[in-house]
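Topology and contacts: notes
Spelled out from the first residue to the last, the chains are:
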Amino acid sequence: MKFFLTLLLNTFVLFSFAQSGSINGIITDKLTNEPIPFANITVDGTNIGTTSDLDGKFSITGLKPGYHKINVYFIGYKPKTTEDIFIGSNMPYIEIELEQSAEELEEVVVTVDPFKKDEESIVSMQSIGTKEIESNPGSNRDISRVIQSFPGVGSTPAFRNDVIIRGGGPSENRFFLDGIEIPVLNHFSTQGASGGPVGIINADFIRTVNFYSSAFPADKYNALSGILDFKLKDGSREKTNFQFALGASETALTFDGPIGKKTSYIFSVRRSYLQFLFSAIGLPFLPTYNDYQLKVKTNINKKSSFEIISLGSLDHLALNKGIENPDASQEYILSQIPINNQWSYTIGGIYRNYFDKGSHTFVLSRNRLNNQLYKYPNNDKTQPKSLDYQSNEAENKFRYELTFKNSAIKYSFSGILEYAQYTNKTEQQVYLNNSLSNLSYQTDLRLFKYGFSSQASRRLLQNRLLISLGLRFDANDFNNNSANPLNQTSPRLSASLALTDKTALNASAGRYFQQGAYTTLGFRNNAGQLVNANTAKYIGLNQYNLGIEHKFVKKVLLSVEGFYKDYFQYPIDLITGSSLANQGADYAIAGLSSVTFSGRGKAYGFEILNRWNLKNFKLLASYTLVSSLFTDINGDYIPSSWDSKHLLTVTGTKDLKNNWRVGAKWRYVGGLPYTPYDLGTSAFVDAWDAKGQAYLDYTKLNTLRFRAFHQLDIRVDKNFFFDKWTLMLYLDIQNAYNFKNTGQDYIVREKKPDGSYKTVNNGTEYVLKAVPNQSGTVLPSIGVMIKL
């Protein structure tokens, strides 16, 4: 076997250098879409180059396969370097947009800034390229895990993709795909928040991601802590490409290519095989997920284009009830986790029309989430369900954007109209005030929403000072408070002052608003009343940032940034007395309760980022000191569930000879607060059977704290380039030194010898016991990708 494996590997090595790659594309003016002829184009780090033709088009051939960046220079425009582009047998097509320069001709110095930001996004924005996503150790090409390397982004020891930014909850983020909002980013998504175990977006589609942790552009809406703005690849204009991928948890097929002379497409489908692996190793739950993604782009003419974007998911979570003699952890999970069936989709069209000084953009989209959860006490189908939940969220959106430049000022205006429908049918056993009751209601909530924004950006002081001023208004017809857009006035100001040619001082201040979750707005009591109808408000946030950045050389950046977040009108659960900011990082439904919108919160700290973006070496080292506190029902500030204090991540990748690449990521997350159990309430038979798990003691909210979590992930990649196809292999090892994380104890019921549960007090109370909860193991995985 060793002989044949060695022979096979040597055969791959022997024949894997016959391929040379090529890339085609077009150079255009970012504002007007006019093609730019005679632009100078070079491949970064090489002497290979060309110029664009009269139509702005270019072609470069004879490239060594692998990742390359393209440099573009043209007089009167700012030089630009693209993100990493994979070049093999696929003949990628790329549209490169250049921004007009405000500098005088004699002042122009041809240098490229790999960390350059948009004029509307001066502060707290990071751009992430496809190579960083593909090679990030421990992330399995999942963007929600990749951004955990960046400053301000927290994580949890659980295998989840909750996006936790600067002490804010996972419900405070929004996601856009080529300008179309996608409310669902993960499979088995936590409704009312954003997290889940596996991302929906296929990394094969991603060209770059802009990650905002503050200072959002005014046209981005309904977010408090973070925005992920995905820019997708275009399909090839020359040939049809095929890619097959076999990863740690899924298989994927991706196709892209031309449709006629003006249209290209890219399409993928994925399916997991986790249910087979989990069953084989005896895990108590069996997840299955499927998804698709599509982009079709047509360049109607030089002045207009049209895109169709769509993605969807289909998920099913079953219980593995075939386990014989389950241990305490298996029994705990089987007792409390519900069956979950979920599907979602987003589809939208984008029409862009350009004129002499700017562009019009029209976006029409629809998204829908269907979520079903149900649970039988003790998983006994002969008993009535303790939970039967069926919900739908649907949104129909139309957005218009106008962007133009006049007298050195860039203006952006936008307006959005939205019609949403939320339905919910809930039957749930609830143990409250020492008695068991049934919560039973149906909701059919329909909302009309609108918003509009404006933003202006300009350079002053001989281009050393960049200022961007934005204003946004939002409203919906849920109640009188939210119907008045003046109550949701969102001003924002960002500025960057170049102290030297390598050092800049950055600052921003802004107010942001986010609508409460549909689960909260649509919550009813048994009488059918919308219990939050009169008190609901938009959640508000004032955020202030001040930082300094220094570029030692053009590809090495060091930055320090302080932040202060002041929350207001945050919903507080009237039953538990805790802020909803603490919810969203589990598989329950976030926000499903009666609340008061009177909560406050604050999160503050500073971040340090050191980023190296060299051709064969990338380093991203970040440290964040953060405190996160939210008020309870009594108005007292309590550490939130995201108050990790210290976040430290070091991620590095190195390209070696013969198409090898190695990388490592080390994470340290300070211990998170948690709430102890109320074992007295939990022991009651009615209480336990209603929930299937122990109840928390909210009078001691987040008074305990876990110990710190840290983990080392390692990844090795090897690419083989053949004449007409490419083979890509990787080995990813998560938790390489086998760190054991200690979580909150499992609480389970003691059993009698015959397998029934022990009870006391005439059968009214179970006998409970605590079982240590320790998790963490070395998790190796192998991935295979074939590109044709």
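Quantities reported herein were computed from a predicted structural model and do not represent experimental measurements.

Attention now moves to the overall build of the protein. Counting its regular elements, the protein contains nine helices and 47 strands. By the compact-globule yardstick of 28 Å for 788 residues, the protein fits well, its C-alpha radius of gyration being 27 Å. When the backbone C-alpha atoms are referred to their principal axes, the protein occupies close to 90 × 75 × 45 Å. For the protein, with 788 residues in total, the buried portion stands at 57%. Across the protein, every contact between residues at least 6 apart in sequence was considered, and the portion connecting residues at least 24 apart equals 66%.

As a further point, take a nonpolar patch on the surface. A surface patch of nonpolar side chains, about 780 Å² in accessible area, is lined by Leu499, Leu505, Leu546, Ile548, Phe552, Val553, Leu558, Val560, Phe606 and Ile608. At the level of elements, strand E32 (539–553), strand E33 (556–573) and strand E34 (595–613) are the ones that each hand at least two residues to the nonpolar patch. The dominant element in the nonpolar patch, judged by the number of residues it contributes, is E32, at four residues. In this fold, Leu499 is placed in the loop between strand E30 (489–498) and strand E31 (503–514). On the accessibility criterion, Leu499 (41% relative accessible area) is partly exposed.

Our next topic: the pattern of salt bridges. Evaluation of the coordinates by the stated rule reveals 41 salt bridges. What you see here is one network of salt bridges that share partners, running through Glu95, Asp178, Asp234, Lys295, Lys297, Glu307 and Arg352.

Our focus in this paragraph is the sheet that holds strand E4 (residues 57–63). The strand order E4-E1-E9 describes an open sheet built from three strands, whose pairing is mixed. Every other strand in the sheet has two partners, leaving E4 and strand E9 (93–98) as the edge strands with one partner each. Each neighbouring strand pair of the sheet contributes to a mean axis angle of 25°, computed without reference to strand direction. As paired elements, strand E1 (residues 21–29) and E4 share five bridges and run antiparallel to each other. The residue bridging Asn24 from the neighbouring strand is Ser59, located in E4.

Before going further, it helps to examine empty space enclosed by the protein. Tallying each qualifying case throughout the model produces 15 cavities of 30 Å³ or more. Arg174, Asn222, Gln515, Gly516 and Ala517 are, among the 46 residues lining the largest cavity, the residues nearest its centre. Grouping the amino acids of the lining of the largest cavity by side-chain chemistry returns 20 nonpolar, 17 polar and nine charged. The volume enclosed by the second largest cavity comes to roughly 170 Å³. Forming the walls of the second largest cavity are 16 residues, and the residues nearest its centre are Glu132, Asn136, Lys618, Leu620 and Thr651. Within the residue set of the lining of the second largest cavity, elements represented by two or more residues are helix H2 (130–135), E34, strand E35 (617–631) and strand E37 (645–655). Partitioning the lining of the second largest cavity into residue classes produces six nonpolar, seven polar and three charged.

Scored by pLDDT, the protein has a mean of 90; 95% of the residues are at 70 or more. Of all helices and strands in the protein, the one with the weakest mean pLDDT is helix H1 (residues 2–15) (45), whereas strand E36 (residues 637–639) scores best (97).

Our next topic: the nonpolar core. Among the nonpolar cores identified, the biggest contains 33 residues, and Ile128 and Phe230 are the most heavily contacted of them. Secondary structure elements with two or more residues in this core: helix H3 (143–146), strand E13 (173–177), strand E17 (206–212), strand E18 (226–232), strand E23 (304–319) and strand E25 (358–375). If we skip the residues at most four places from it in the chain, Ile128 touches Ile133, Ile143, Val146, Ile147, Phe150, Thr208, Val209, Phe211 and Arg611.

This part is about the environment of Gln455. The residue Gln455 is located in strand E28 (residues 435–460) in this model. Remark: the alpha-carbon pair of Gln455 and Arg492, spanning 37 residues in sequence, is separated by 9.0 Å. A polar side-chain atom of Gln455 sits 2.7 Å from a polar atom in the side chain of Ser468.

Of the strand pairs in this sheet, E33 and E34 are connected by 16 bridges, and their pairing is antiparallel. Within the sheet, the bridge partner assigned to Tyr570 lies in E34 and is Gly599. Strand direction decides the pairing type here: E34 and E35, joined by 13 bridges, are antiparallel. Along E35, the bridge assignment pairs Asn613 with Lys618. The turn linking E34 back onto E35 is made up of three residues.

This part takes up the sheet that holds strand E3 (residues 49–51). Hydrogen bonds between backbone atoms are what pair the strands of a sheet, whose relative direction is either parallel or antiparallel. If you trace the four strands from one edge of the open sheet to the other, you get E3-E2-E6-E7, paired in antiparallel fashion. In the strand order of this sheet, the two ends are held by E3 and strand E7 (80–81), each with one partner. In this sheet, strand E6 (residues 70–73) lies alongside strand E2 (residues 40–43) in antiparallel orientation, the contact comprising four bridges. Opposite Ile41, over in E6, you have Val72 as the bridge partner.

As a further point, take the packing of aromatic side chains. This model, assessed by the stated rule, comprises 33 aromatic pairs. Look at Tyr567 and Tyr570: their rings are 5.6 Å apart centre to centre, the planes differ by 65°, and that puts the pair in the edge-to-face class. The residues Tyr567 and Tyr570 share a single accessibility class, namely buried. With centroids separated by 4.9 Å and ring planes inclined at 50°, the aromatic side chains of Tyr567 and Phe630 adopt a geometry described as tilted. Of this pair, Tyr567 sits in strand E33 while Phe630 sits in strand E35, and the two are 63 residues apart along the sequence. For the pair Tyr567 and Phe630, one class covers both residues: buried. Within the aromatic cluster, the residues linked to one another by ring pairs are Tyr67, Phe86 and Phe721. One residue, Lys602, lies across the ring of Tyr637, its end atom 4.6 Å from the ring centre. Between Arg715 and the ring centre of Tyr730, over which it is positioned, the NZ or CZ distance is 3.9 Å.

Structurally, the position occupied by Thr51 is in strand E3. Accessibility expressed as a relative area gives 41% for Thr51, which makes it partly exposed. Through-space distance from the C-alpha of Thr51 to that of Phe255 is 30 Å; in sequence the pair is 204 residues apart. Not counting chain neighbours up to four residues away, the residues in contact with Thr51 comprise Phe38, Ala39, Asn40, Ile41, Lys57 and Phe58.

Alternating positions in E2 separate cleanly, Ile41 and Val43 being buried on one face and Asn40 and Thr42 remaining unburied on the opposite face. One ladder, built from three bridges, connects E2 with E3; its direction is antiparallel. Bridged to Ile41 within E3 is Thr50. Following E2, the chain reverses through five residues before pairing antiparallel with E3; Gly45 in that reversal takes a positive phi of roughly 85°.

Rules used throughout
Throughout this description, residue numbers start from 1 for each chain and increase along the sequence as written. With pLDDT at 70 or above as the cut-off, local features in this predicted model cover only qualifying residues; side-chain atom pairs require 80 or more to be listed or tallied, and sums for whole chains, interfaces and linings still use all residues. Here the side-chain values reflect all heavy atoms present in the structure, with hydrogen atoms and water set aside. The secondary structure listing takes helices from DSSP runs of H or I that are at least 4 residues long and strands from runs of E that are at least 2 residues long, numbered from the N terminus. We take the radius of gyration over the C-alpha atoms and set the globule estimate at 2.2 Å times the residue count to the 0.38 power. With a 1.4 Å probe rolled over the protein chains alone, any residue whose accessible area is under 20% of its type maximum counts as buried; one over 50% counts as exposed, and the rest are partly exposed. Residue contacts follow a heavy-atom distance rule, with two residues in contact if any of their heavy atoms lie within 4.5 Å. Residues forming no salt bridge and having over 30% relative accessible area are the ones grouped into patches, like charges within 9 Å of each other and nonpolar side chains (Val, Leu, Ile, Met, Phe, Trp, Tyr) within 5 Å. Method for areas: the Shrake-Rupley scheme with a 1.4 Å probe, in which residue coverage is limited to the protein chains shown. Just to be clear on terms, a salt bridge is a Lys or Arg side-chain nitrogen sitting within 4 Å of an Asp or Glu carboxyl oxygen. In this scheme, strands are said to pair when DSSP sees at least two bridges between them. Inter-axis angles, ranging from 0 to 180 degrees, are taken between N-to-C directions of lines fitted to C-alpha atoms, where helices are fitted over the stretch in contact. Think of a 1 Å grid over just the protein atoms. A cavity is a set of points where a 1.4 Å probe fits yet cannot get out, a pocket is an open set with protein on both sides within 12 Å along at least five of seven lines, and lining residues have an atom within 4 Å of a point. Grid points are joined across faces, edges and corners, and a volume is the space filled by probe spheres set on the points. Under the scheme applied, nonpolar residues are Ala, Val, Leu, Ile, Met, Phe, Trp, Tyr, Cys and Pro; charged residues are Asp, Glu, Lys and Arg; polar residues are all the others, including Gly. Confidence scores here are pLDDT values: one per residue, from the predictor, ranging 0 to 100. We call a set of buried residues a nonpolar core when its members are Ala, Val, Leu, Ile, Met, Phe, Trp, Tyr or Cys and they connect through side-chain atoms within 4.5 Å of each other. The definition of a polar contact used here is a pair of N or O atoms within 3.5 Å, where within protein one atom must be able to donate a hydrogen and the other to accept one, and adjacent residues in sequence count solely through side-chain atom pairs. Here a pair means two rings of Phe, Tyr or Trp (six-membered ring of Trp) with centres within 6.5 Å. Their orientation is stacked below 30 degrees between planes, edge-to-face above 60, and tilted elsewhere. The criterion for a charge sitting over a ring is simple: Lys NZ or Arg CZ within 6 Å of the ring centre, and within 35 degrees of the ring normal.

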